[in-house]
Amino acid sequence: MRRANLLVGAALVGLVLVIAAVSLVWTPHDPIRVDPAHVLVPPLQGGFLLGTDGFGIDVLSRLMVSARFCVLVGIIAVGIAALVGVPLGMVAGQRGGWVSELIMRATDVWYAFPALLLAILLAAAVGASTVTAMVAIGVATVPAFARVARAGTVQVMAQDYVLAARAAGTPPIRVAARHVLPNIAPTIGVQASVSFGIAILAEAALSYLGLSTRPPTPTWGRMLRDAQTYLFSNPELAVWPGLAIAVAVLGCNLLGDGLRDLLDPRLKEVR
Amino acid sequence: MSTEHGSGGERSEGVETTLAVSDLTVSFGRRPPSVRGVSLRIGRGERLGLIGESGSGKSVTALAVMGLLPEYAQTWGSVQLAEQELLGMNDRRLSRLRGSAMSMVFQEPMTALDPTMRVGRQVAEVFALHAVRNGTGATRHRVLNALVEVGLGEGERIANAYPHELSGGQRQRVVLAMALANAPDLVICDEPTTALDVTVQAQVLDLLDAQLTTRGSSCLFISHDLAVVARLCSSVAVMLDGEIVEQGPLGQILHDAEHPYTRGLVAAARIDRVQRGERLPTVADFWERGR
């Protein structure tokens, strides 16, 4: 039963990835071109499966192209966070002492700083763009990776095989690369999956506020914002992007949960 | 060299010294020292058994020699490997000696190998780390050779296996292969057979004996089991509460121990001497803490 999380999560994330990939080569209609002749067509009419929005753009096409951007932002943001956070956490875990204290207390302060505020600051300083959103979300996610990496590293460093490796003359950097990293990789993977979900949500929030990708490129957040105008006449326009965000985030969380259960030896007997 | 007679002092005169520990004291933080004023000397090719109960400071002594104590440990005294002072040596130089000039075998074969790395690669690491000492040669060939030498005949299969696919005895052989790989001057064995069952224990001891002889390596063998030490070592040091209470050739310790604790250990190990129906002797019959 415990595998259900993993399977459903993987299926939902897979669905988003496939849709994003398909949108690269094919969408039912043009996802950008404004068409005044077909404004606010209801679903299932005139060849528009989910209808059209206030600009006359096919909703399904916009959803598909949006998936591409949310996946891209998620991957880059999580990548930035992992590339900065994991080494920081590993150094803290391996060196211990004042180095660890310094890094981890700095991380605490970092964690306390709101991601949204950071994004607004960045957008104000260099202008809103996809890159701004990626960097803001990535930087805000660094502490999560640093903490997980440090906890894992401390655990691995206490293992006999690390002592044995040191007794064989392995220098610290090589211990980190050969022994610590492979052993904490699963935990980092779980964190990446969970962070990916949070990043998608954050990207939606930022683009809803107009702090992410510029128009006319569609994103789920912008679709929500556009739908706001027609909330009383065409409420379904807000449902589609909302549903898409929910599916993507739920998928990531279930996948993360499933992976953690799969990797946690203490839960193995329960299964 | 006689092992049955003669006193500890004159025994190894004239033999080159591999390890000389003098007046070693180790303490952790503000607690009383775990090791106090320990002095040991191991000549080239000699084997010294370090015996004592849990918490007597055996392992701390071994880790101090290897320079693997945690950073907050404080050490005093001197540890010399082939007349080179190790205490206070910087970690980079020490790293070069570890695994080549001296190596260590740990107690628990289940945890001494990295679960994410194939066994062959772990052995190859030891060669790769000390390429200078070894000269050249195909690493793969040498890994298989090293595995065959420790009695793992199917070297190929073992090398491609992950640690969890091997038995405890096989893993401890792999650990031995790693420790012996670079023919070190000194091998420190910290209870290497304690986690193994008696049959496998005997095989691993015989193997260790043979391989140490082949390589001419000295050995500091830590154990709480006098029978195991007697099988491998020519001299014995008895450790109690962080101090060495008695040290001498094996024969002297077995037959003519001075310290009551040592006599207790010997009596407890010689159950063949106990009469039927008699109570088995314990160390407490001879010596009690605080008396």
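Heads up: these notes are all about the structure in this document. Everything numeric in this text was worked out from a predicted model, so none of it was measured.

**Some points on the overall build of chain B**
- Across its full length, chain B carries 12 helices and 10 strands.
- The C-alpha radius of gyration computed for chain B amounts to 19 Å, which stays within 12% of the reference 19 Å derived for 291 residues, consistent with globular compactness.
- Its C-alpha atoms put chain B at 60 × 50 × 40 Å along the principal axes.
- Relative to its 291 residues, chain B shows a buried fraction of 51%.

**With respect to the overall build of chain A**
- Summing up its helical and strand segments, chain A has 9 helices and 0 strands in all.
- Its helices and strands in sequence order give chain A the pattern α-α-α-α-α-α-α-α-α, from N to C terminus.
- Counting only C-alpha atoms and orienting by the principal axes, one finds that chain A spans roughly 75 × 45 × 30 Å.
- Looking at the 271 residues of chain A, the share that counts as buried comes to 46%.
- Nonlocal contacts in chain A, meaning residues at least 24 apart in sequence, comprise 70% of its contacts between residues at least 6 apart.
- Between the averaged position of the 19 positive side-chain charges in chain A and that of its 14 negative side-chain charges there is a distance of 11 Å.

**Comments concerning the layout of surface pockets**
- Of the pockets and cavities examined, the largest pocket occupies roughly 1400 Å³.
- Around the largest pocket sit 44 residues that line it, and Gln94(A), Arg166(A), Leu69(B), Pro70(B) and Glu71(B) are the ones nearest its centre.
- Contributing elements (two or more residues each) for the lining of the largest pocket: α2 (59–95), α5 (130–157), α6 (160–167) and α7 (172–208) of chain A together with α2 (58–66), β4 (73–81) and α3 (91–97) of chain B.
- Counting residues per element, the lining of the largest pocket draws most heavily on α2(A), which supplies 9 residues.
- The class makeup of the residues in the lining of the largest pocket is 29 nonpolar, 9 polar and 6 charged.

**So, the interface of chain A and chain B**
- If you look at the interface, chain A gives 15 residues, while chain B gives 23 residues.
- When the two sides are added together, the surface that chain A and chain B hide from each other amounts to roughly 1700 Å², 55% of it contributed by carbon and sulfur.
- Scanning the region where chain A abuts chain B turns up 2 salt bridges.
- Between Arg174(A) and Glu125(B) there is a salt bridge; the shortest N-O distance is 3.1 Å.
- The interface formed by chain A and chain B contains 10 residue pairs in polar contact (both at pLDDT 80 or more).

**Focus on the pattern of salt bridges**
- Taken as a whole and assessed by the stated rule, the structure comprises 16 salt bridges over all chains.
- The partner of Asp226(A) in a salt bridge is Arg62(A), with the nearest N and O atoms 3.2 Å apart. Placement of Asp226(A) in helix α8 (residues 220–228) and of Arg62(A) in helix α2 is noted, with a sequence separation of 164 residues between them. An identical accessibility class is assigned to Asp226(A) and Arg62(A); each is buried.
- With a shortest N-O distance of 3.4 Å, Asp91(B) and Arg98(B) are connected by a salt bridge.
- Of the residues examined, Arg98(B) reaches a relative accessible area of 1% and is grouped as buried.

**Focus on empty space enclosed by the protein**
- Following the criterion strictly, the structure yields 3 cavities of 30 Å³ or more and no others.
- Forming the boundary of the largest cavity are Ala164(A), Ala167(A), Ala168(A), Ser103(B), Met104(B), Phe106(B), Ala112(B), Leu113(B), Val126(B), Val175(B), Met178(B) and Ala179(B).
- Mapped onto the lining of the largest cavity, the elements with two or more residues apiece are α6 of chain A together with β6 (102–105) and α8 (168–180) of chain B.
- Ranked by the residues each element gives to the lining of the largest cavity, the list is headed by α8(B), at 3 residues.
- Among the residues making up the lining of the largest cavity, the classes are represented as 11 nonpolar, 1 polar and no charged.
- Within this model, the second largest cavity holds a volume of roughly 90 Å³.
- If you trace the second largest cavity, you find 13 residues lining it, with Tyr161(A), Ala165(A), His179(A), Gln122(B) and Met178(B) closest to the centre.
- Those elements that place two or more of their residues in the lining of the second largest cavity are α6 of chain A together with α4 (119–129) of chain B.
- The biggest single contributor to the lining of the second largest cavity is α4(B), with 4 residues.

**What to know about α2(B)**
All names here are of chain B.
- α2 sits mainly inside the fold: 8 of its 9 residues count as buried.
- Restricting attention to buried positions, one finds in α2 the residues Lys58, Val60, Thr61, Ala62, Leu63, Ala64, Val65 and Met66.
- Remark: Gly67 follows α2 within two positions and exhibits a positive phi of approximately 75°.

**So, unusual backbone geometry**
- Positive phi outside glycine occurs at Glu83(B), with the angle close to 65°.
- Take Glu83(B): its relative accessible area is 69%, and that puts it in the exposed class.

**Digging into the packing of α2(A) against helix α3 (residues 97–112) of chain A**
All names here are of chain A.
- Between α2 and α3, the shortest axis-to-axis distance is 7 Å and the interhelical angle comes to 145°. The chirality of how α2 crosses α3 is left-handed. Residues Val84, Leu88, Val91, Ala92 and Arg95 of α2 form the contact with α3, whose own contacting residues are Gly97, Val99, Ser100, Ile103, Met104 and Trp110.
- In terms of residue class, the contact of α2 with α3 is built from 8 nonpolar, 2 polar and 1 charged.

Cut-offs applied
- Residues numbered from 1 in each chain as written.
- Chains lettered and ligands numbered in written order.
- Predicted model: local features only at pLDDT ≥ 70, side-chain atom pairs only at ≥ 80, totals over all residues.
- Heavy atoms only, no water.
- Helix = DSSP H or I, 4+ residues; strand = E, 2+ residues; numbered from the N terminus.
- Rg over C-alpha atoms; globule rule 2.2 N^0.38 Å.
- Buried < 20%, exposed > 50% of the residue type's maximum accessible area, 1.4 Å probe, protein only.
- Contact = heavy atoms within 4.5 Å.
- Lys, Arg positive; Asp, Glu negative; His and termini not counted.
- Charge placed at Lys NZ, Arg CZ, Asp CG, Glu CD.
- 1 Å grid on protein atoms, 1.4 Å probe; cavity = no way out; pocket = protein on both sides within 12 Å on 5 of 7 lines; lining within 4 Å.
- Points joined across faces, edges and corners; volume = space filled by probe spheres on them.
- Nonpolar A, V, L, I, M, F, W, Y, C, P; charged D, E, K, R; others polar.
- Buried area = accessible area lost by both parts, 1.4 Å probe.
- Salt bridge = Lys/Arg side-chain N within 4 Å of Asp/Glu carboxyl O.
- Polar contact = N/O pair within 3.5 Å; in protein donor to acceptor, adjacent residues only side chain to side chain.
- Axes fitted to C-alpha atoms, helices over the stretch in contact; angles between N-to-C directions.
- Left-handed = near helix turned anticlockwise from the far one by under 90°.

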